[in-house]
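Commentary on secondary and tertiary structure
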Amino acid sequence: MHIFEEYAPATLLVCFLVVACFFAAISARAYYLEARYEKDGIVAMGTVIEIKVEQGFNRRRPVNRHPIVRFTAQDGKTYRIKMASSDQYSRGQTVEILYPAEKPEKAIIKGSNAFGLARFGGILAAIIFLHVAAYQGYRIYRDARNRLRQ
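Sequence order as written defines residue numbering, which begins from 1 separately in each chain. Only residues with pLDDT of at least 70 get local features here, since the model is predicted, and only at 80 or more are side-chain atom pairs given and counted; chain-wide, interface and lining totals rely on the full set of residues. Computation of side-chain values: all heavy atoms of the structure, hydrogens and water removed.

1. Describing the pairing of strand 1 (residues 42-55)
- Any two strands with at least two DSSP-identified bridges between them are counted as paired. Under the scheme used here, helices are H or I runs from DSSP no shorter than 4 residues and strands are E runs no shorter than 2 residues, and both carry numbers assigned from the N terminus. Across six bridges, strand 1 lies against strand 4 (residues 94-99) in antiparallel orientation. Paired with alanine 44 across the strands is isoleucine 97, a residue of strand 4.
- Inspection of the sheet shows strand 1 paired to strand 2 (residues 63-72) by nine bridges, in the antiparallel sense. Following the sheet pairing, glutamate 54 is matched in strand 2 by asparagine 64.

2. Remarks on the confidence of the model for the protein
- For the protein, the mean per-residue pLDDT works out to 79, and 83% of the residues sit at or above 70.
- Scored between 0 and 100, pLDDT is the confidence that the predictor attaches to each residue. When the elements of the protein are averaged for pLDDT, helix 1 (residues 3-40) gives the smallest value, 75, and strand 3 (residues 78-82) the largest, 89.

3. Regarding the sheet that holds strand 1
- Reading across the sheet, the five strands line up as 3-2-1-4-5 and stay open at both edges, with antiparallel pairing between neighbours. Edge strands, defined here as strands with exactly one partner in the open sheet, are strand 3 and strand 5 (108-109).

4. Here's the deal with the pattern of salt bridges
- Salt bridge, as applied in this entry: a Lys or Arg side-chain nitrogen positioned within 4 Å of an Asp or Glu carboxyl oxygen. Applying the stated criterion across every chain yields a total of three salt bridges.
- Among the ionic pairs, glutamate 102 bridges to arginine 36, the shortest N-O distance being 2.7 Å. Here the residue glutamate 102 occupies a position in the loop between strand 4 and strand 5, and arginine 36 occupies one in helix 1, the gap between them amounting to 66 residues.
- A salt bridge links arginine 80 to glutamate 50; the shortest N-O distance between them is 3.6 Å. Residue arginine 80 is located in strand 3, and its partner glutamate 50 is located in strand 1; the two are separated by 30 residues in the primary sequence.
- Three exposure classes are used, based on accessible area relative to the maximum for each residue type with a 1.4 Å probe and protein chains only: buried under 20%, partly exposed in between, and exposed over 50%. Accessibility expressed as a relative area gives 34% for glutamate 50, which makes it partly exposed.

Structure representation (structure tokens):
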């Protein structure tokens, strides 16, 4: 038996566990950021001043529409922020903005689910990779048990 054949299942197990942990960390970070915005974020009113249309990469949604929002922060400065792609906003619409006090340029539209994809994608990928890792672990266990019986 070649050394790679002997250790391949264990190597795959470790790789899939590492990838699952990576995606779980992305999801946890998204939850943390969203909670931080909700808890410590400063609320301001902003106005959608433009809808920037960009070519998308997805065939189902060939065009991405990014609202450009202008708002005035607590420090008195006015900011123009390109928000995440969304079709629910129109030019001239007033929206609630949440931003961290130390970084107003990191503003999000309140209730826009800005971290939703990272949360959902991270959890889904972690579950998939954990299932594959569990299967690899089972294969390692089964092969070791069969070797002991021989």
